[in-house]
Amino acid sequence: MFEVLKQIIEEHNSIVIFGHINPDGDCYGSQVGLRELLKLNYPDKKVYAVGSGLHRFFDFIGYMDEVSDELIKDSLAILVDGNDCSRMEDPRVSTAKAHIKIDHHIENFKFTEGPFVIDNNANSTCELVVKFALEANWKLNPTIANALFLGILTDSGRFQFIEDFPSAFHEVAFLCENGADPKQINTILNITNEAALKFKGYVYSHYKKSDAGVIYLTFSKETLAKLKVSASKAGSMVNLISNVKDFPIWAFFCELEDGTCHAEFRSNGPAVQPIAAGLGGGGHMLAAGVTIDKVNDEIVEGIIKDLDKAIIEYQKEHN
């Protein structure tokens, strides 16, 4: 499965690993996990991971790298957890001399830069990196194991959204055998502060509901500033309104400082990925996101109507 990618990696002495806009646990985990895997198993190579990463895990798992434009131009770029160069956080990815990709999202961008491995059935990109390590017979250390465990844990909703439990638990057991510390990872994920508590209070006091069963909330940049929460952080907390009885889809619309809006859609049945893809985003059938040029009541209402239609169609098929 990874033979071609492994061959290309072995042909390059300088490698830069790129992640998507608004990195989450799987993006950060796959970037740092793969970086440390390659550094451990190919000590003569120079390997870097660029982007903003996940700050709360820097001290425990590892920091991101700062690299020059010239270095990227002379490097192999590995895209992880994202469809295309246009979705990467660092736009310099397009200047690299060669590209490969490892991803688990539904492919709605034509990736023509180089070879790739995409598995829509994988729960996370970190799961694919584990499979890569096993196939290549690479050595692991605790840093690698913790980074990859983090991605699998967070992108599976702490093991809620897994189809093949034996396979997934085999992989996380392998990571624990190589030094992953689930207790410490969960402790860091569960750390909160007063701002987060106020944010939760605002969410539970201001959410809206559609006729067909979408529960949602729109955050202006002014509201987010008052709540002292960034748009990316707010979007990552969309599951605060998850799994409410009679509301199979939940969504957050978060305005960014530049006036664009990042939307996150989640579902326990109706497909939301096609709606995100139609707006230029993507993701999984039941978990997707998109950044749109602007946000106002008319735009949000239009998207909610599309989500309502998805619920109605799903109910017709399953009744």
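Residues numbered from 1 in each chain as written. Predicted model: local features only at pLDDT ≥ 70, side-chain atom pairs only at ≥ 80, totals over all residues. Heavy atoms only, no water.

Caption draft 1: Structural view of helix 5 (residues 142-155). With 14 residues, helix 5 extends 20 Å between its outermost C-alpha atoms, agreeing within 8% with the 20 Å of an ideal straight helix rising 1.5 Å per residue. Of all 14 residues in helix 5, 10 are buried, a share of seventy percent or more. Where helix 5 is buried, its residues meet helix 2 (25-41), helix 4 (125-136), helix 6 (165-177) and helix 7 (182-190). Where helix 5 begins, the capping side chain belongs to Asn141, and its oxygen is found 3.2 Å from the backbone nitrogen of Thr143. Of the residues flanking the end of helix 5, it is Gly157, one or two places downstream, whose phi is positive at about 65°. (Helix = DSSP H or I, 4+ residues; strand = E, 2+ residues; numbered from the N terminus. Expected span 1.5 Å × (residues − 1). Buried < 20%, exposed > 50% of the residue type's maximum accessible area, 1.4 Å probe, protein only. Contact = heavy atoms within 4.5 Å. Polar contact = N/O pair within 3.5 Å; in protein donor to acceptor, adjacent residues only side chain to side chain.)

Caption draft 2: Geometry of unusual backbone geometry. You will see that Asn137, though not glycine, has its phi angle at about 60°, which is positive. On the secondary structure map, Asn137 appears in the loop between helix 4 and helix 5. Exposure remark for Asn137: the relative accessible area of 69% places this residue in the exposed category. In the Ramachandran plot, Lys228 falls in the positive-phi region, its phi being about 60° despite a non-glycine side chain. As for its position among the elements, Lys228 is in the loop between helix 9 (221-227) and helix 10 (231-236). On the basis of relative accessible area, Lys228 is assigned to the exposed category, the value being 71%.

Caption draft 3: Up close: the packing of helix 2 against helix 5. Closest axis-to-axis distance for the helix 2/helix 5 pair is 8 Å, and the angle between their directions is 155°. As the angle between them shows, helix 2 and helix 5 are arranged roughly antiparallel. In the packing of helix 2 onto helix 5, the handedness of the crossing is left-handed. Listed contacts from helix 5 to Gly25, Asp26, Tyr28, Gly29, Ser30, Val32, Gly33, Glu36, Leu37 and Leu40 of helix 2 are Thr143, Ile144, Ala147, Leu148, Leu150, Gly151, Thr154 and Asp155. When grouped by side-chain class, the residues that make up the contact of helix 2 with helix 5 number 8 nonpolar, 7 polar and 3 charged. (Axes fitted to C-alpha atoms, helices over the stretch in contact; angles between N-to-C directions. Parallel < 35°, antiparallel > 145°, perpendicular 65-115°, else oblique. Left-handed = near helix turned anticlockwise from the far one by under 90°. Nonpolar A, V, L, I, M, F, W, Y, C, P; charged D, E, K, R; others polar.)

Caption draft 4: Seen up close, the pairing of strand 11 (residues 287-292). Sheet analysis places strand 9 (residues 261-267) next to strand 11, joined by 6 bridges and oriented antiparallel. The partner of Arg266 across the bridge, within strand 11, is Ala287. Across 3 bridges, strand 10 (residues 282-284) lies against strand 11 in antiparallel orientation. Paired with His284 across the bridge in strand 11 is Ala287. (Pairing = 2+ DSSP bridges.)

Caption draft 5: Molecular detail of the side chain of Arg35. For Arg35, the location among the structural elements is in helix 2. If sequence neighbours within four positions are ignored, Arg35 has contacts with Ile17, Val47, Tyr48, Ala49, Gly62, Tyr63, Met64 and Asp65.

Caption draft 6: Expanded view of the nonpolar core. Ranked by size, the top nonpolar core spans 50 residues in total, and within it Tyr28, Leu38, Phe57, Ile78 and Leu175 carry the most contacts. Tallying contributions element by element places helix 5 first for this core, with 8 residues. Among residues more than four places away in sequence, those in contact with Ile78 are Ile9, Ile15, Val16, Ile17, Phe18, Leu34, Leu38 and Ile100. Ala288, Ile292, Val300 and Ala310 belong to the second largest nonpolar core, which has 22 residues in total. (Core = buried A, V, L, I, M, F, W, Y, C linked by side-chain atoms within 4.5 Å.)

Caption draft 7: Expanded view of the sheet that holds strand 1 (residues 14-18). Taking strand neighbours across the sheet as the criterion, the 5 strands line up as 2-1-3-4-5 in an open arrangement whose pairing is parallel. The open sheet is flanked by strand 2 (46-50) and strand 5 (116-118), the only strands paired with a single partner. Put simply, the sheet's adjacent strands are angled 20° from each other on average, direction ignored. In this sheet, strand 2 lies alongside strand 1 in parallel orientation, the contact comprising 5 bridges. By the bridge assignment for strand 2, Val16 is matched with Tyr48.

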